[in-house]
Amino acid sequence: HNILDCNGELLAGPSCTPNRTNIYPIFWPVSTNATAAGGSPREMRLHPDDVHILWSSLSSNGQSTYTGKLQFNAEPTNGSLRVPRYDLVNVNILARANSTPAIYAEGDELKINPNPLSLGELRGWSGTGDEILYLGPNVEANNVDLYAIHVVTGVRRRLTSHPEYVDPVVSSADNENYLIMDTRGSNRQMWMAGMRGIPPVIDMVVTLLAVSTRNNGPRRFFQPILLDYYGDRSDVGYYGQRINTAGDLEDGSVNDANWNGRADGGFSLDGTKIVYWQALVTAPSCGGVNPLPCPISTAEGGANYRVMLAKRIGRAPTKPAPVFEIPDIIPWATPFPPGATIPVEETLAPGHYTLYGKAHGSADVVLGQSSVSVRYSNFSDDYRHILDGYENATSSVSPPNYFLVHVDWFSDIIQTGAVFGTKKTSPGGFHAEIDAMINIFSANGSLTTTLDGVEHLQPLNYS
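Below is a short write-up of the structure.

**Things to note about the environment of Gly421**
Thinking step 1. Structurally, Gly421 can be placed in strand S29 (residues 421–425).
Thinking step 2. Classification of Gly421 as buried rests on a relative accessible area of 1%.
Thinking step 3. Expressed as a C-alpha distance, the spacing of Gly421 and Leu451, which sit 30 residues apart in the sequence, is 4.3 Å.
Thinking step 4. Every residue in contact with Gly421, bar those within four places of it in the chain, is listed here: Met195, Ile413, Ile414, Gln415, Thr450 and Leu451.

Have a look at this one:
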């Protein structure tokens, strides 16, 4: 990661010419050894104050999340990178030792923590920088969602709840809207996530599969969705507005399904325009063994990428909201100076547990080292979605590739109440293997979710 710097002046200013512009590397000191290499940040996002920054990082412990402050170091005397650079200082890891995880036990009773301090991949800042946007622990089985947490109070809120997969998000400068890239409308994830109200117990072993099937190799199934500040609200049927529906679905049209959104989009500073970019599906995500024929680009020069500009009709210009002054030390996080170790959450021991519905009923849960078995009996958290039946899964990885996961899944759930639905595997079960870094779907057997008579089928292999 690098920073483009124009000697402290605005990059877009007329005096910021190439001979006054420098590119400096970012260095994250993680060791007390004076010659050690720096850490490996990913998905870095700059705060609106242009000083603080957040990032994620992968390790043998999984993915951890951090905030820090950029500090220019003209003549570094430590670390493996001895050139003018920006150091990451006042680093916080967004976790606490022995914090209560999303799912925990009290004796033989399993419980769901409604406000876990468990931040998955960081996705950005709110428009003012008062909140951190991130992927959080699932509230419903197989349903990956975005959350926001206040940098001072630690108050957390769920931004999305649609069963489809969401990942990229940006906030408008007035702090009133979000632009997300989401698979909603593609039916990509409904076969596993479409049934609402299933607690996320099975996710303890199938999440890596669930977050990987939303892609097909380099292809994303994202489309741009505009949300207001409060996000999805299923109680009133609000799931935002897809902003590129005004096409004819023909090749190259604004809503051509073969053109898919990429991360990240953005708003103009006055909030009246939205820009995003798309990629056309190309081999191996089409052609060959893939049942989808490769489309021919209609873009100028046969380009496979395009930048799209949407104007918000009837939207009056707004001014950016004042930038929130965040502290260097996040109160609910943990300082992470060089040499620090990653805090570890409480672990859930294998055993036999009972999870009680918030409304009524229960679930009998058996946890193994890498397996989960759940049997529902009149289970409901909301009086509207009632579950009976069973679901069990076992997962395994293939070291040293901890991103290659194999899952054996068996399900026969019946849902009654507001929706009549089933979530069923074929008689021999559903067996899938996927590398989360490559995302090529391949499975034997089937897992199908049917909701009020509408079947949601898994993707075809390699598609």
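**Notes on the state of the cysteines**
Thinking step 1. Here the structure, examined in full by the defined rule, presents two disulfides.
Thinking step 2. Between the sulfur atoms of Cys6 and its disulfide partner Cys16 the distance amounts to 2.3 Å. The S-S bond linking Cys6 to Cys16 shows a torsion near 140°; that makes this disulfide right-handed. Taken together, the positions of Cys6 in the loop between strand S1 (2–5) and strand S2 (22–27) and Cys16 in the loop between S1 and S2 put the pair 10 residues apart, joining distant regions of the chain. Judged on exposure class, the residue Cys6 and its partner Cys16 are both buried.
Thinking step 3. In the protein chain, the cysteines engaged in disulfides, taken in order along the sequence, are linked 1-2, 3-4.

**Considering the sheet that holds strand S17 (residues 223–228)**
Thinking step 1. The four strands are arranged S13-S14-S17-S18 in an open sheet whose pairing can be described as antiparallel. Two strands bound the open sheet, and with one partner strand each, they are strand S13 (166–171) and strand S18 (241–242).
Thinking step 2. Note that strand S14 (residues 177–182) and S17 share six bridges and pair antiparallel. Paired with Asn177 across the strands is Asp228, a residue of S17.

**Observations regarding the environment of Glu346**
Thinking step 1. Inspection of the secondary structure assignment puts Glu346 in the loop between strand S23 (334–335) and strand S24 (351–356).
Thinking step 2. Accessibility expressed as a relative area gives 40% for Glu346, which makes it partly exposed.
Thinking step 3. As for Glu346 and Ser377, which are separated by 31 residues in sequence, their C-alpha atoms are 28 Å apart.
Thinking step 4. With residues up to four places along the chain from it excluded, the contact list for Glu346 reads Asn98, Ser99 and Pro101.

**Re the nonpolar core**
Thinking step 1. Membership of the largest hydrophobic core comes to 38 residues, with the highest contact counts inside it found for Met192, Leu209, Val365, Tyr376, Trp409 and Phe430.
Thinking step 2. Within the second largest apolar cluster, 24 residues are counted, among which are Leu135, Tyr178, Phe222 and Ile274.

**Things to note about helix H2 (residues 203–212)**
Thinking step 1. Among the 10 residues in H2, seven count as buried, and that is most of the element.
Thinking step 2. Those residues of H2 that fall on the buried side of the exposure criterion are Asp203, Val205, Val206, Leu209, Ala210, Val211 and Ser212.
Thinking step 3. Here the buried face of H2 lies against helix H1 (190–193), strand S15 (215–216), strand S26 (371–380), strand S27 (385–398), strand S28 (401–417) and strand S30 (430–435).

**Thoughts on the side chain of Gln458**
Thinking step 1. Within the element layout of this structure, Gln458 appears in the segment after strand S33 (454–456).
Thinking step 2. Residue Gln458 is classed as buried on the basis of its relative accessible area of 16%.
Thinking step 3. Within polar-contact distance, the side chain of Gln458 engages the backbone oxygen of Gly445 at 3.1 Å.
Thinking step 4. In terms of polar contacts, Gln458 uses its side chain to reach the backbone amide nitrogen of Leu447, at 2.8 Å.
Thinking step 5. Discounting chain neighbours no more than four positions away, the residues touching Gln458 are Trp191, Phe430, Phe441, Ala443, Gly445, Ser446 and Leu447.

**A look at the pattern of salt bridges**
Thinking step 1. Within this structure, the stated rule accounts for 22 salt bridges.
Thinking step 2. Between Asp264 and Arg123 there is a salt bridge; the shortest N-O distance is 3.8 Å. Note that Asp264 is positioned in the loop between strand S19 (259–261) and strand S20 (266–267) and Arg123 in strand S9 (residues 122–125), a separation of 141 residues in sequence.
Thinking step 3. Owing to a relative accessible area of 25%, Asp264 belongs among the partly exposed residues under this scheme.
Thinking step 4. Salt bridges sharing common partners tie together Arg42, Glu43, Arg45, Glu121, Arg123, Asp167, Arg214 and Asp264.

**Section: the packing of aromatic side chains**
Thinking step 1. Taken as a whole and judged by the stated rule, the model has 16 aromatic pairs.
Thinking step 2. Arranged with centres 4.8 Å apart and planes meeting at 65°, the rings of Trp28 and Tyr66 form a pair that is edge-to-face. Of this pair, Trp28 sits in the loop between S2 and strand S3 (42–46) while Tyr66 sits in strand S5 (residues 62–73), and the two are 38 residues apart along the sequence. Each member of the pair, Trp28 as well as Tyr66, carries the same accessibility label: buried.
Thinking step 3. Judged by centre distance (5.8 Å) and plane angle (70°), the rings of Trp191 and Phe441 are edge-to-face. Residue Trp191 is found in helix H1, and its partner Phe441 is found in the loop between S30 and strand S31 (443–444); the two are separated by 250 residues along the sequence.
Thinking step 4. For Trp191, a relative accessible area of 0% translates into the label buried.

Conventions used here
- Residues numbered from 1 in each chain as written.
- Predicted model: local features only at pLDDT ≥ 70, side-chain atom pairs only at ≥ 80, totals over all residues.
- Heavy atoms only, no water.
- Helix = DSSP H or I, 4+ residues; strand = E, 2+ residues; numbered from the N terminus.
- Buried < 20%, exposed > 50% of the residue type's maximum accessible area, 1.4 Å probe, protein only.
- Contact = heavy atoms within 4.5 Å.
- Disulfide = S-S within 2.5 Å.
- Pairing = 2+ DSSP bridges.
- Core = buried A, V, L, I, M, F, W, Y, C linked by side-chain atoms within 4.5 Å.
- Polar contact = N/O pair within 3.5 Å; in protein donor to acceptor, adjacent residues only side chain to side chain.
- Salt bridge = Lys/Arg side-chain N within 4 Å of Asp/Glu carboxyl O.
- Phe/Tyr/Trp six-rings, centres within 6.5 Å; stacked < 30°, edge-to-face > 60°.

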